[in-house]
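# An overview of the molecular structure
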Amino acid sequence: MRLSRFFIDAPLSLGQHELPEAQAHYIGRVLRLAPGAAVQLFDGSGQEYQGELVEVGKKQVRVELRQQLAGLPESRLRIHLGQGLSRGERMDWAIQKAVELGVADITPIVSERCEVRLKDERADKRLAHWRQIAISACEQCGRSVIPVIHPPTPLAQWLGVEAALKLVLHPVAEPLSGHQRPDSLAFLIGPEGGLTEIEVEQAKNQGFHPARLGPRVLRTETAPVVALSVAQQLWGDF
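As the structure is a computational prediction, the values presented were derived from the model and not from experiment.

### Here's the deal with the layout of surface pockets
- Approximately 500 Å³ is the volume found for the largest pocket.
- Along the walls of the largest pocket sit 25 residues, with L169, H170, P171, V217 and L218 positioned nearest its centre.
- At the level of elements, β10 (165-175), α5 (197-205) and β12 (209-212) are the ones that each hand at least two residues to the lining of the largest pocket.
- Here the residues of the lining of the largest pocket sort into twelve nonpolar, seven polar and six charged.
- Volume-wise, the second largest pocket comes out at about 360 Å³.
- Every residue lining the second largest pocket is counted, 16 residues in all, and those nearest its centre are R5, F6, F7, Y26 and E139.
- Taken together, the elements giving at least two residues each to the lining of the second largest pocket come down to β1 (4-7), α1 (21-30) and α3 (120-141).

### Things to note about a nonpolar patch on the surface
- The grouping of Y26, V30 and L31 at the surface amounts to a nonpolar patch, some 250 Å² of accessible area in total.
- Among the structural elements, V30 can be located in helix α1.

What counts, and where the lines are drawn
- Residues numbered from 1 in each chain as written.
- Predicted model: local features only at pLDDT ≥ 70, side-chain atom pairs only at ≥ 80, totals over all residues.
- Heavy atoms only, no water.
- 1 Å grid on protein atoms, 1.4 Å probe; cavity = no way out; pocket = protein on both sides within 12 Å on 5 of 7 lines; lining within 4 Å.
- Points joined across faces, edges and corners; volume = space filled by probe spheres on them.
- Helix = DSSP H or I, 4+ residues; strand = E, 2+ residues; numbered from the N terminus.
- Nonpolar A, V, L, I, M, F, W, Y, C, P; charged D, E, K, R; others polar.
- Patch = residues over 30% accessible without salt bridge, like charges linked within 9 Å, V, L, I, M, F, W, Y side chains within 5 Å.
- Areas by Shrake-Rupley, 256 points an atom, 1.4 Å probe, with all protein chains shown as cover.
- Salt bridge = Lys/Arg side-chain N within 4 Å of Asp/Glu carboxyl O.

Here it is as structure tokens:
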């Protein structure tokens, strides 16, 4: 039976801890776990903590952590994904799968053909939503460090990102395998309508190399899954 695993947004240590309200509600009311159930917690530091529930009440859940373990190592290839901002579930899917595939940073990119415009309170809510998706993906896939989800950023501003290799997906370009192994990688993927040729030229002027994934044009939510999988196979931990 798989061990229930949860992220706690506070420093953990061995001993007893009262869990935050959100996790307590999920454990007690949704999963209906009982005292004595084994759990594994992580706080994003790279460490994992195993223990068991000692109290499960309507408003309070306490856990005793008895063993500290080294978490799953991060990929040796640090990837920053610049993902064109897209609608609803498409963006959620892209973020979830990117986290599962080992990305270190994700920045939603605002470009000319974006069909989504976020401002003020709505932007804050979407950012919090994406961060929760990243946390849930880490809980599921076993990662011990939560990737950074940056606020939506205009393309021109993000193009200054630092990385040993910077790639922009383009249907007419050399394949990824034509590049030497980098220590860090920045990937730019356009929105549902794609990047304009002017935007591609702007990226090239900032040190981005066009790269293709094959003969077919992929949807904006499919492209990061394929791109990150290929990059991890070539240079990372696959």
